[in-house]
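What follows is each chain in one-letter form.
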Amino acid sequence: MSDVLHVKGRILVGPDEVRDELWVVGGRISYERPRAGAAAHEVTTVTGWALPGLVDAHCHVGLDAHGPVDDATSEKQALADREAGTLLIRDAGSPSDTRWIDAREDLPKVIRAGRHIARTRRYIRNYAHEIEPADLVAYVGREARRGDGWVKLVGDWIDREVGDLTACWPRAEVEAAIAEAHRLGARVTAHCFAEDSLRDLVEAGIDCVEHATGLTEDTIPLFAERGVAIVPTLVNIATFPKLASGGEAKFPRWSAHLRRLHERRYDTVRAAYDAGVPVYVGTDAGGSLPHGLVAAEVAELVKAGIPASAALSATAWGARAWLGRPGLEEGAPADLVVYGEDPRADVSVLADPRRVVLAGRIRG
């Protein structure tokens, strides 16, 4: 006897493609009813609105506010994401070795960017390789080989001598490092809060920018022209006022800058989207934020003025295509989430999955 899962209702194969039902046989999606044969099937039926497993394109498994965590804590983080419907994670930098997750069919699939690469004393302690520009190419090559097709740079951070955010890397070293990553088949992304580093990174060939709060009317067209994606992490940018208050006495210029970036965050994201910049969902969970915030981030994108269908695509169909992973295609691994109502009509539905199906089995 083999188990079969029957999902019926509205199968959201794509933004404009809806089917009435699908079947899961052997952990794979099929749109053909299983044939009756010698082997009996025990069929479980789930009804509702089905989406591909959600994507958190900026998440950190194996990391907390203080640095690397043990495997038990990493497991809890991954399970919290799974319960929220996040079944594909782009891990945007972690000092922990989480390769053991790949053997667990009950945990989300992880695409790793290796460990952050930062300038010496220019990032959160215990998170990154902290190096000088002369070593950037070598470390990018190392993390390109260790990761799953991505490398993560810290593009800007507070410079304590200046008292504000400044770019971390000279242009020539960035160009050489990105070229090395591309030679090795990896894409490059960078943490960037401020304005200063963006033009150099994009013109050097970067593939994505995290947060991107420093986008302006001068750099948005450049991002659009080059097809450079952004992952705004608005649930993280919401913490800027608290950070600014905490650092105001020592770094007033930095604090005022954070407040300005926060105040225009929605306008920045909407302007980027309107210009044709690819926008994807990421929560920045695993540092100071808890896991399982994907629905909240989609709601933030809608609040910024992105249409609900585009915000859904940014965590579902579009995000999976961007990361090179299948959705609800025939023969694809059965990673999907079922909701009681249509998430296209109200994205708040994402906060309440009816069923989570991972590797062909109901997990929640």
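Here is what the cut-offs are and how they apply
Residues numbered from 1 in each chain as written. Predicted model: local features only at pLDDT ≥ 70, side-chain atom pairs only at ≥ 80, totals over all residues. Heavy atoms only, no water. Pairing = 2+ DSSP bridges. Helix = DSSP H or I, 4+ residues; strand = E, 2+ residues; numbered from the N terminus. Axes fitted to C-alpha atoms, helices over the stretch in contact; angles between N-to-C directions. Disulfide = S-S within 2.5 Å. Buried < 20%, exposed > 50% of the residue type's maximum accessible area, 1.4 Å probe, protein only. Right-handed = clockwise from strand over helix to strand, strands pointing away.

Attention shifts here to the sheet that holds strand E5 (residues 54-59). Taken in spatial order, the 3 strands of this open sheet run E5-E8-E9, and their pairing is parallel. Edge positions in the sheet fall to E5 and strand E9 (109-112), since each has one partner strand and no second. When the angles between neighbouring strand axes are averaged without regard to direction, this sheet yields 20°. Inspection of the sheet shows E5 paired to strand E8 (residues 86-91) by 4 bridges, in the parallel sense. Note on E8: the bridge partner recorded for Val55 is Leu88.

This next bit is on the state of the cysteines. A full pass over the atoms with the stated rule returns 0 disulfides. Among the cysteines around Cys168, which has no disulfide bond, Cys192 carries the closest sulfur, lying 8.5 Å off.

Here the focus is the pairing of strand E15 (residues 187-192). With 5 of its 6 residues buried, E15 lies for the most part within the structure. Direction of pairing for strand E12 (residues 150-154) relative to E15: parallel, over a ladder of 5 bridges. Each bridged residue has a counterpart across the sheet, and for Lys152 the counterpart in E15 is Thr189. Pairing of E15 with strand E16 (residues 208-211) involves 4 bridges; the strand directions are parallel. Among the inter-strand pairings, Cys192 is bridged to a residue of E16, identified as His211. Tracing the backbone out of E15, into helix H4 (residues 198-203) and back to the parallel element E16 gives a crossover that is right-handed.

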